[in-house]
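Now for the letters of each chain:
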Amino acid sequence: MSFTVAIDGPAAAGKGTISKAVAAHFGFAHLDTGLLYRAVGARVRDGAEPIAAAKALRAEDLEAGDLRTQAVADQASRVAVIPEVRAALVDFQRSFARRAGGAVLDGRDIGTVICPEAEAKLFVTASAECRAERRHRELTERGEIQSYDDVLAAVRDRDQRDRDRATAPLLPASDAVQLDTSDLSIDEAVARAIEIVARRRGPE
Ligand code: DC
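Residues numbered from 1 in each chain as written. Predicted model: local features only at pLDDT ≥ 70, side-chain atom pairs only at ≥ 80, totals over all residues. Heavy atoms only, no water.

## A closer look at the overall build of the protein chain
Within the protein chain, the regular secondary structure consists of nine helices and five strands. When the helices and strands of the protein chain are listed from N to C terminus, the series reads β-α-β-α-α-α-α-β-α-β-α-α-β-α. On C-alpha atoms alone, the protein chain measures out to a radius of gyration of 16 Å, which is about the 17 Å that the 2.2 N^0.38 rule sets for 204 residues. Projected onto its principal axes, the C-alpha coordinates of the protein chain cover approximately 50 × 35 × 30 Å. Going through the 204 residues of the protein chain one by one, you find that 49% of them count as buried. Long-range pairs, those at least 24 residues apart, make up 79% of the contacts in the protein chain with a sequence separation of at least 6. Looking at the protein chain as shown, the accessible area adds up to about 9800 Å², and 51% of this sits on carbon and sulfur atoms. Side chains of the protein chain give 29 positive and 33 negative charges; the mean places of these two sets differ by 2 Å. (Helix = DSSP H or I, 4+ residues; strand = E, 2+ residues; numbered from the N terminus. Rg over C-alpha atoms; globule rule 2.2 N^0.38 Å. Buried < 20%, exposed > 50% of the residue type's maximum accessible area, 1.4 Å probe, protein only. Contact = heavy atoms within 4.5 Å. Areas by Shrake-Rupley, 256 points an atom, 1.4 Å probe, with all protein chains shown as cover. Lys, Arg positive; Asp, Glu negative; His and termini not counted. Charge placed at Lys NZ, Arg CZ, Asp CG, Glu CD.)

## Some thoughts on empty space enclosed by the protein
The tally for this structure, following the rule as stated, stands at one cavity of 30 Å³ or more. Quantified by volume, the largest cavity comes out at close to 30 Å³. What lines the largest cavity is Asp 8, Gly 111, Lys 121, Leu 122, Phe 123, Leu 171, Pro 172, Ala 173 and Ala 176. At three residues, strand S4 (residues 120-125) tops the list of elements feeding residues into the lining of the largest cavity. When the residues that make up the lining of the largest cavity are grouped by side-chain class, the tally is six nonpolar, one polar and two charged. (1 Å grid on protein atoms, 1.4 Å probe; cavity = no way out; pocket = protein on both sides within 12 Å on 5 of 7 lines; lining within 4 Å. Points joined across faces, edges and corners; volume = space filled by probe spheres on them. Nonpolar A, V, L, I, M, F, W, Y, C, P; charged D, E, K, R; others polar.)

## So, the sheet that holds strand S5 (residues 177-180)
On the basis of which strands lie adjacent, the open sheet formed by five strands has the order S2-S3-S1-S4-S5 and parallel pairing. In this open sheet, the two edge strands, each paired with only one partner strand, are strand S2 (29-32) and S5. Between one strand axis and the next, the sheet turns through 20° on average, direction left out of account. Across the sheet, helix H1 (residues 15-26) is in contact with strand S1 (4-8), S2, strand S3 (103-107), S4 and S5; its angle to S3 comes to roughly 180°. (Pairing = 2+ DSSP bridges. Axes fitted to C-alpha atoms, helices over the stretch in contact; angles between N-to-C directions.)

## Remarks on the nonpolar core
Counting residues in hydrophobic clusters, the biggest one holds 30 residues, and the most contacted among them are Tyr 37, Val 40, Leu 57, Leu 62, Leu 89 and Leu 105. Those elements that provide at least two residues to this core are S2, helix H2 (34-45), helix H3 (50-55), helix H4 (70-79), helix H5 (83-97), S3 and helix H6 (110-114). If we ignore the near neighbours within four places in the chain, the residues touching Leu 62 are Leu 31, Leu 35, Leu 36, Ala 39, Leu 57, Leu 67 and Phe 92. With 21 residues, the next largest nonpolar core counts Phe 26, Val 104, Leu 179 and Val 190 among its residues. (Core = buried A, V, L, I, M, F, W, Y, C linked by side-chain atoms within 4.5 Å.)

## What to know about the packing of aromatic side chains
For the structure on display, the rule yields two aromatic pairs. On the basis of an interplanar angle of 35° and a centroid distance of 5.7 Å, the ring pair of Phe 3 and Phe 28 is categorised as tilted. With Phe 3 in the segment before S1 and Phe 28 in the loop between H1 and S2, the pair connects residues that are 25 residues apart, well separated along the chain. Accessibility expressed as a relative area gives 8% for Phe 28, which makes it buried. Aromatic rings pair up to connect Phe 3, Phe 26 and Phe 28 into one cluster. Taking the ring centre of Phe 96 as reference, the NZ or CZ of Arg 99 above it sits at 4.1 Å. The aromatic ring of Phe 3 is capped on one face by Arg 201, whose charged end is 5.7 Å from the ring centroid. (Phe/Tyr/Trp six-rings, centres within 6.5 Å; stacked < 30°, edge-to-face > 60°. Lys NZ or Arg CZ within 6 Å of the ring centre and 35° of its normal.)

Have a look at this one:
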């Protein structure tokens, strides 16, 4: 039986951590859909044409080592505005969502465009300052040196691009449960997300 959990929200709101924990709790598979756009973005940085890169994308490309950098994130949000790039990535995401045994997909448009029929939908948010602080810490831990102000500016730029694009903009589905993680610890945010999904799932 399939059961799809759609987790959307802006960069660094906690979607990734929450999605992994929800998947582990329920024994579901997890797909970080941002990686698809990052993998296309990385190819484009190497000189590829965006639509051809999206059409040629293979599952192995998601395992490339350098997809987590700020530069690739920026390139990802640029290729993500191209409707043909998005269209080329739809089937992969939908078939992942419907795999037997349950799936968690996190991204920007999962509850609205990719899986409007998802059984559980969450929209995870946090203030831009709070997200920039988390992202700054993460980048510093990985040895990427950037000032907090630069990270905050990049978070705001990416938010704006993700929200303002014409195709599949970042926005909560009307039936998504909103979860603001600004003042929550990781454990608290995860516990709330699990509770929301468990409610939708009903008694085991
Ligand atoms: O979640 P992330 O930071 O890895 O995503 C990188 C970029 O990819 C993000 O700025 C917008 C784009 N993206 C998207 O448009 N739709 C998705 N479902 C996931 C990511």
